[in-house]
Amino acid sequence: MAPHGLKPLWEVLGKLVPPHPEPQTEPHRWAYGPMRAFLAEAGDLISAEKAERRVLILENPGLEGQSAITGSLYAGLQLVLPGEVAPCHRHAPSALRFVLEGSGAHTSVNGEKVLMAPFDLVLTPSGLWHDHGNLSEEPMVWLDGLDIPLLLSLECGWAETYAETVFPETRPPGDTLARAGRGLRPWRPSQHDEALGDQPLFHYPYSEWSVSLDAVQAVESPDETHGYKLEFVNPKTGGAVMKTISAFAQRIPKGFKTSVGRSSAGTIMVLCEGSGVARVGKQRFELSPRDVFVVPSWQELHFEADEEMTLFGFSDRATQEALGLYRETN
């Protein structure tokens, strides 16, 4: 059969359709200190111009050689030094940037600049032109999250470089946030609004989402499994921030221990503030600010907060929900 491109299903059926999720992804933590040191060394060795994007890939130990942090998601740590510009391009993968260090640099999306600050969430959706620039006096470091492995599995990825280094300015900084970030939308969409398609908002500042967590925490008791948890949403659809990627903010009060939960989503998390422990499957991770860790599909997760913990996370939940595959247990 083999020369004819045929294989017996009965020899591999259990692997193709297992009784429960069996991810190759392994629980893992990336401590920010060592990552930051290697990234600084990369800044000395290679210019942004030569690298195009100066990024260290967070490759999961269970997915060696695949440039993936989970089976469907990619993550990387990017450095833009003072005075540098990461040139304009666009691509099929949907991308998010979660700022870890520095203030004053910008990401431009279709010609509108987003001024970035620590723990801001910035989106660069599929097919939109974007570039990064740092006119501040300090390095900017952020976590990139993209759906590259998913698109590779579908064999539908592409990328295109813009003719100029920077896309022409089309709107003043903050314009989109003012129009779509406060429960509002344009009465008559302009050409710029229509160019954004289904993504009318691409900046979720920490100064706003942290206040929302504070407000919820002030009036409610923490959920046994999640503490306090809010999902970032697309104001046009009310759904996930992007079609393939979900994102959320989470707060675990000081001294609180969550109960064990698990979900089918592969999830990447960052500790923004505080300290404590995350138990993922059989692994125990002591967390410090800006550490990154991954929770594979169907792995048990619970937290123990030494100090109040504020976390950011993103996952492939949006993809799984679109396919009717997502599930979770508490």
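Structure's up top.
The structure presented is a predicted model; accordingly, all values stated were derived computationally and were not measured.

Novice: Summarise helix 2 (residues 32-45); cite the residues concerned and give the values.
Specialist: With 14 residues, helix 2 should cover 20 Å at 1.5 Å per step; its first-to-last C-alpha distance of 20 Å lies within 8% of that length. Buried residues belonging to helix 2 abut strand 1 (28-30), strand 2 (55-57), strand 3 (74-80), strand 5 (95-101), strand 10 (140-146) and strand 18 (292-295).

Novice: If you had to explain the sheet that holds strand 3 to someone new, which residues and values would you point to?
Specialist: Strands sit in the order 2-3-10-5-8-12 across an open sheet of six strands; the sheet is antiparallel. A single partner strand is all that each edge strand has here, and the edge strands are strand 2 and strand 12 (203-204). Against the sheet, helix 2 contacts strand 2, strand 3, strand 5 and strand 10, and its axis sits at roughly 55° relative to strand 3.

Novice: Kindly report on unusual backbone geometry, identifying the contributing residues and their values.
Specialist: You will see that F119, though not glycine, has its phi angle at about 70°, which is positive. Turning to its location among the elements, F119 is positioned in the loop between strand 7 (112-115) and strand 8 (121-124). The backbone of R290 shows a phi angle near 75°, a positive value even though the residue is not glycine. Following the sequence through the fold, R290 ends up in the loop between strand 17 (283-287) and strand 18. By relative accessible area, R290 is classed as partly exposed at 23%.

Novice: I'd love a proper account of the pattern of salt bridges, names of residues and values included.
Specialist: Oppositely charged side chains can form a pair if their charged atoms are brought close together. Inspection of the entire model under this criterion finds 16 salt bridges. Note that R97 is salt-bridged to D144, the shortest N-O span being 2.8 Å. In this pair, R97 sits in strand 5 while D144 sits in strand 10, placing the two residues 47 residues apart along the sequence. Across the pair, D144 and R97 agree in class, each one buried. Two residues, D198 and K236, come together in a salt bridge whose shortest N-O distance is 3.6 Å. Highlighted residues: D198 in the loop between helix 6 (191-195) and strand 12 and K236 in the loop between strand 13 (228-231) and strand 14 (246-252), separated in sequence by 38 residues. Of the residues examined, D198 reaches a relative accessible area of 37% and is grouped as partly exposed.

Novice: Got a sec to walk through the packing of aromatic side chains? Specific residues and values, please.
Specialist: Scanning the entire structure with this criterion turns up 13 aromatic pairs. Each ring, one from F119 and one from Y206, has its centre 5.4 Å from the other, and the planes form 70°; the classification is edge-to-face. Residue F119 is found in the loop between strand 7 and strand 8, and its partner Y206 is found in helix 7 (residues 206-219); the two are separated by 87 residues along the sequence. With relative accessibility at 18%, the residue Y206 sits in the buried group.

Novice: Account for the side chain of N110, with residues named and values stated.
Specialist: In this structure, N110 sits in the loop between strand 6 (106-109) and strand 7. According to the relative accessible area criterion, N110 is buried, its value standing at 12%. In this structure N110 touches L128, W129, F167, T170, H192, A195 and L196, once residues within four positions along its chain are discounted.

Novice: Got a sec to walk through the nonpolar core? Specific residues and values, please.
Specialist: Membership of the largest hydrophobic core comes to 51 residues, with the highest contact counts inside it found for F98, L143, F312 and F314. Those residues within four positions of F312 in sequence are excluded, and the remaining contacts are L96, F98, L121, F232, A247, F248, I268, M269, V270 and C272. I252, L287, L301 and A305 belong to the second largest nonpolar core, which has 16 residues in total.

Novice: Describe the sheet that holds strand 11 (residues 159-161), and please don't skip the residues or the numbers.
Specialist: What the five strands build is an open sheet, ordered 7-6-9-4-11; its pairing is antiparallel. Looking at which strands have only one partner, the edges of the open sheet turn out to be strand 7 and strand 11. Across the sheet, the axes of successive neighbouring strands diverge by a mean angle of 25°, strand direction being ignored. Bridge analysis of strand 6 against strand 7 gives four bridges, and the strand direction is antiparallel. Opposite H106, over in strand 7, you have L115 as the bridge partner.

Novice: Tell me about the environment of V233, and name the residues and values.
Specialist: One can find V233 in the loop between strand 13 and strand 14. The class of V233 is partly exposed, set by a relative accessible area of 35%. Along the backbone, V233 and S246 are 13 residues apart, and their C-alpha atoms lie at a distance of 8.2 Å. Dropping the residues within four chain positions of it, V233 is found in contact with Y204, G238, G239 and V241.

Novice: Lay out the pairing of strand 14 in plain terms, naming residues and giving numbers.
Specialist: Counted residue by residue, strand 14 has seven buried out of seven residues, so it is predominantly covered. Every second residue of strand 14 is oriented toward a common face, with S246, F248, Q250 and I252 on one face and A247, A249 and R251 on the other, all of them buried. As defined by bridge partners, strand 13 adjoins strand 14 across four bridges and the pair is classed as antiparallel. From the neighbouring strand, L230 faces strand 14, where its bridge partner is A249. Relative to strand 19 (residues 301-315), strand 14 runs antiparallel, the two sharing seven bridges.

The rules behind the values
- Residues numbered from 1 in each chain as written.
- Predicted model: local features only at pLDDT ≥ 70, side-chain atom pairs only at ≥ 80, totals over all residues.
- Heavy atoms only, no water.
- Helix = DSSP H or I, 4+ residues; strand = E, 2+ residues; numbered from the N terminus.
- Expected span 1.5 Å × (residues − 1).
- Contact = heavy atoms within 4.5 Å.
- Pairing = 2+ DSSP bridges.
- Axes fitted to C-alpha atoms, helices over the stretch in contact; angles between N-to-C directions.
- Buried < 20%, exposed > 50% of the residue type's maximum accessible area, 1.4 Å probe, protein only.
- Salt bridge = Lys/Arg side-chain N within 4 Å of Asp/Glu carboxyl O.
- Phe/Tyr/Trp six-rings, centres within 6.5 Å; stacked < 30°, edge-to-face > 60°.
- Core = buried A, V, L, I, M, F, W, Y, C linked by side-chain atoms within 4.5 Å.

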